[in-house]
Amino acid sequence: MALTLEQLNRATPEQALQWLDGLYEHSPWVLGQALSERPFLSLAHLRHALAQVVRRAGADAQRGLIRAHPELAGPAMLAHSLSAASAREQTQAGLAQCSAEELARLRQLDADYQARFGFPFILALRGPRGSGLTRQQILACFARRLDNPPDFEHAEALRQIHRIAELRLNDRFGAQPRLGNDLWDWHERLAAHSDPGFAEQGQLTVTYLTDAHRACARTLSDWMRACGFDEVHIDAVGNVVGRYHASDPHARALLTGSHYDTVRNGGKYDGRLGILVPMVCVRELQRAGRRLPFGIEVVAFAEEEGQRYQTAFLGSGALIGQFDPAWLAQQDADGITLRSAMQQAGLCVADIARLQRDPARYLGFVEVHIEQGPVLGALDLPLGVVSSINGGLRLSGEIQGLASHAGTTPMGRRRDAALAVAELALYVEQRAAQDGDSVGTIGLLEVPGGSVNVVPGRCRFSLDLRAPVDAQRDALARDVLAQLERIAARRGLRYQLAETMRVAAAPCAPAWQRRWERAVARLGLPVWRMPSGAGHDAMQLHAIMPQAMLFVRGENAGISHNPLESTTSDDMQLAAEAFTELLHQLAEEQAEEPTGKAV
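Criteria and thresholds
Residues numbered from 1 in each chain as written. Predicted model: local features only at pLDDT ≥ 70, side-chain atom pairs only at ≥ 80, totals over all residues. Heavy atoms only, no water. Helix = DSSP H or I, 4+ residues; strand = E, 2+ residues; numbered from the N terminus. Contact = heavy atoms within 4.5 Å. Polar contact = N/O pair within 3.5 Å; in protein donor to acceptor, adjacent residues only side chain to side chain. Axes fitted to C-alpha atoms, helices over the stretch in contact; angles between N-to-C directions. Parallel < 35°, antiparallel > 145°, perpendicular 65-115°, else oblique. Left-handed = near helix turned anticlockwise from the far one by under 90°. Nonpolar A, V, L, I, M, F, W, Y, C, P; charged D, E, K, R; others polar. Salt bridge = Lys/Arg side-chain N within 4 Å of Asp/Glu carboxyl O. Buried < 20%, exposed > 50% of the residue type's maximum accessible area, 1.4 Å probe, protein only.

Peer 1: Run through the environment of Tyr208, naming residues and quoting values.
Peer 2: As for its position among the elements, Tyr208 is in the loop between α11 (178-190) and α12 (211-227). Each C-alpha atom of the pair Tyr208 and Tyr309 lies 7.9 Å from the other, and the pair is 101 residues apart in sequence. Excluding residues that lie within four positions of it along the chain, Tyr208 makes contacts with His213, Val237, Ala302, Glu303, Arg308, Tyr309, Leu314, Leu338, Met342 and Leu347. A polar contact is formed between the side chain of Tyr208 and the backbone oxygen of Val237, at a distance of 2.6 Å.

Peer 1: Give a detailed account of the packing of helix α5 (residues 59-67) against helix α10 (residues 150-173), specifying residues and quantitative values.
Peer 2: Packing of α5 against α10 brings their axes to within 10 Å, and their N-to-C directions diverge by 60°. Relative to α10, α5 is oriented oblique. Seen along the crossing, α5 lies across α10 with a hand that is left-handed. Residues Ala59, Gln62, Arg63, Leu65 and Ile66 of α5 lie in contact with α10, whose contacting residues are His154, Ala157, Leu158 and Ile161.

Peer 1: So what about the packing of α11 against helix α13 (residues 273-287)? Which residues, and what values?
Peer 2: The geometry of α11 relative to α13 is characterised by a closest axis approach of 10 Å and an angle of 130° between their N-to-C directions. One finds that α11 runs oblique with respect to α13. Seen from above, α11 lies across α13 with right-handed handedness. Contact residues: Arg178, Leu179, Asp182, Leu183, Trp186 and His187 in α11; Leu273, Leu276, Val277, Met279, Val280, Arg283, Glu284 and Arg287 in α13. Within the contact of α11 with α13, the residues separate by chemical class into eight nonpolar, one polar and five charged.

Peer 1: Give me the lowdown on the pattern of salt bridges, citing residues and values where you can.
Peer 2: A full pass over the atoms with the stated rule returns 42 salt bridges. The residue Glu6 makes a salt bridge to Arg10 at a minimum N-O spacing of 2.9 Å. Of this pair, Glu6 and Arg10 both sit in helix α1 (residues 5-10), separated by four residues, roughly a single helical turn. By relative accessible area, Glu6 is classed as partly exposed at 47%. Notably, a salt bridge pairs Glu166 with Arg163, separated by 2.6 Å at the nearest N-O pair. Of this pair, Glu166 and Arg163 both sit in helix α10, separated by three residues, roughly a single helical turn. A residue is classified by how much of its surface remains accessible, and Glu166, at 9% relative accessible area, is buried. If you follow the salt bridges from partner to partner, you end up with Arg178, Asp182, Arg283, Glu284 and Arg287 in one network.

Here it is, written out as structure tokens:
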């Protein structure tokens, strides 16, 4: 019989320890300390408490916890001396049926791993969905993580231990992330569509208006209808729009969504999570026969990444009247113009102007998005509340010095352009760190015509500066450019700079940010506020209505724009529950405010 939180909260410490024994392999101290924080409001609250005990324990105790775990297909498995939970997990992963070649490979990997890190390789064998990894996936992950730096791998081992405990905890409580599993499966099915040249290699690439892109649009349309949306259509730029009507036909609507195009060889969750989470929530409303005092409009934006054409945010830009007709003449790598691509897809260019939304008809815009960074994972938090989407400034530059012989030019007589950029890059790192949440990057650095035995006379570089508010970004830029001036003067160099992009910061509307915060808190989780360093569709909607975002933790240190981008069904479950909580808050507010006013 499944355990309940009420039973756990009322149990004696001894009884509670007995019920939870084995969550953390041979490490009851984790449970003992976490149980002192009872009562727990939710399983998410309990999971976080357990993770925080480990987080506070110190490196020696953490390393002991890692070493308490058995090797994969190691001597303990062969001797049948694994704990019951580990034995079940290794057996379900098929490790007991390894071929001689696979077993030899596992043992060699483990020997290499332990020699490098000093502890056994830890992996949640049931994987991010909880249904199990294949032996091929296990071996690939093993080999990949061998390249990690030691500190990074120490942290990754702990994250895997927490995932193992999370899955075991679900078993004890009979808890299944039903919505999270559905979301996981939808992401997998949507990822079956990929552009030619990438699909054959098992890579995900969906660029604007390709066959794969149009297949995604049809799939999303079909799913929206199956979820119970009252209206579904593909608009004049390829956005998939689903509307779930309010109980009052004259009520305003909540606008939500994200993009379904991808970067080349990208991940499965970037953008798409923000489409599928509200879809599954609408499905649950429809199944319950429930209407809210406001409508819900979900938009799967057709283009955000700017991969096929230089038209980033085309989908969400059309909703605020920012479609530039000059884009229609752009050509892709095959010489196909944007106009031709839209016509071939059956889209009517003349209708684009009619896509602009009237903000008076909407309460606001919210977006759920995978974090695309390592912060939440490092904090052992599944959700984060976005405070602002960073404003950005990009410049391209070139420094001119004097190319000279590397062997005959004394160090004090050189006019080295590359060293000037290197010095600038170090300053950018130091200056951005002073703000705490500013970031600065020199991502491109090129010495044209460079040679191994020539002091660089020219160096081209890029400069990317971002901050949560424009004034902070601009102060960073002033300091960086002033430092560039000083470096050039001291080294006897000239330089040129050209601004290539300036994007205003999009602070989240305080009232909407508080709604996300209350939703997260009601799940029993601490509220973590964080800026978004990446741009999102919410930045576009920010121009005409209040917006706020919720981040969902990513696996693999939050990597994104990469095939390793992932999250778990449990974290997606929490995202869906937080979205549902936000809907409930809005419904209560609308009931108290007959005019339907929201800020």
